[in-house]
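Coordinate inspection notes
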Amino acid sequence: MNEMKRTFTPMPSPYYMELIKLLLNHASDYILKADELWTLIKDVRDTHIAKLRVSANSFVRQQEAHAKLDNLTLTEINTSGAFRTQALNHMYKLRMNLQPSGSARSQDF
């Protein structure tokens, strides 16, 4: 498999998925090859989600403290939000377990 570009391709609109869904739900009779268009749009979204997973995996493996996610749409960010939150929570717990018991500090969130 070819190595994916490290950055996310900017979308023409941050709401492209919502716009395409509206168009295809309400005007698909007027769009030539609407089913092929929907397949292509889903492929773009799936590629972004796959790239996001690879980035998250790298983030966890390298024990990074922050990440920059340029050119993601709100839908893509929301789709991955629960995973990112869980991953950060697990990393926090692992780090706390690795600290000597005398130096562990509690934090209020």
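See the structure above.
Residues numbered from 1 in each chain as written. Predicted model: local features only at pLDDT ≥ 70, side-chain atom pairs only at ≥ 80, totals over all residues. Heavy atoms only, no water.

Closest axis-to-axis distance for the helix α2 (residues 34-61)/helix α3 (residues 74-98) pair is 11 Å, and the angle between their directions is 15°. Here α2 is positioned roughly parallel relative to α3, judged by the angle of their axes. Seen along the crossing, α2 lies across α3 with a hand that is right-handed. Here α2 contributes Arg45, His48, Ile49, Leu52, Ala56, Phe59 and Val60 to the contact with α3, which in turn contributes Glu76, Thr79, Ser80, Phe83, Ala87, Leu88 and Met91. (Axes fitted to C-alpha atoms, helices over the stretch in contact; angles between N-to-C directions. Helix = DSSP H or I, 4+ residues; strand = E, 2+ residues; numbered from the N terminus. Parallel < 35°, antiparallel > 145°, perpendicular 65-115°, else oblique. Left-handed = near helix turned anticlockwise from the far one by under 90°. Contact = heavy atoms within 4.5 Å.)

It is worth spelling out a nonpolar patch on the surface at this point. Together, Tyr15, Leu19, Leu22 and Leu74 make up a nonpolar patch on the protein surface, roughly 410 Å² of accessible area in all. As for its placement among the helices and strands, Leu74 is situated in helix α3. (Patch = residues over 30% accessible without salt bridge, like charges linked within 9 Å, V, L, I, M, F, W, Y side chains within 5 Å. Areas by Shrake-Rupley, 256 points an atom, 1.4 Å probe, with all protein chains shown as cover. Salt bridge = Lys/Arg side-chain N within 4 Å of Asp/Glu carboxyl O.)

The next point concerns unusual backbone geometry. We note that Lys33 has phi near 55°; this positive angle belongs to a residue other than glycine. Along the polypeptide, Lys33 turns up in the loop between α1 (16-27) and α2. A relative accessible area of 58% means that Lys33 is categorised as exposed. (Buried < 20%, exposed > 50% of the residue type's maximum accessible area, 1.4 Å probe, protein only.)

A few words now on the packing of α1 against α2. At their nearest, the axes of α1 and α2 sit 11 Å apart, and the two run at 165° to each other. One way to sum up the angle between α1 and α2 is to call them roughly antiparallel. Crossing handedness for the pair α1 and α2: left-handed. The residues of α2 that touch α1, namely those facing Tyr16, Met17, Ile20, Lys21 and Leu24, are Ala34, Leu37, Trp38, Ile41, Val44 and Arg45. A per-class count over the contact of α1 with α2 returns nine nonpolar, no polar and two charged. (Nonpolar A, V, L, I, M, F, W, Y, C, P; charged D, E, K, R; others polar.)

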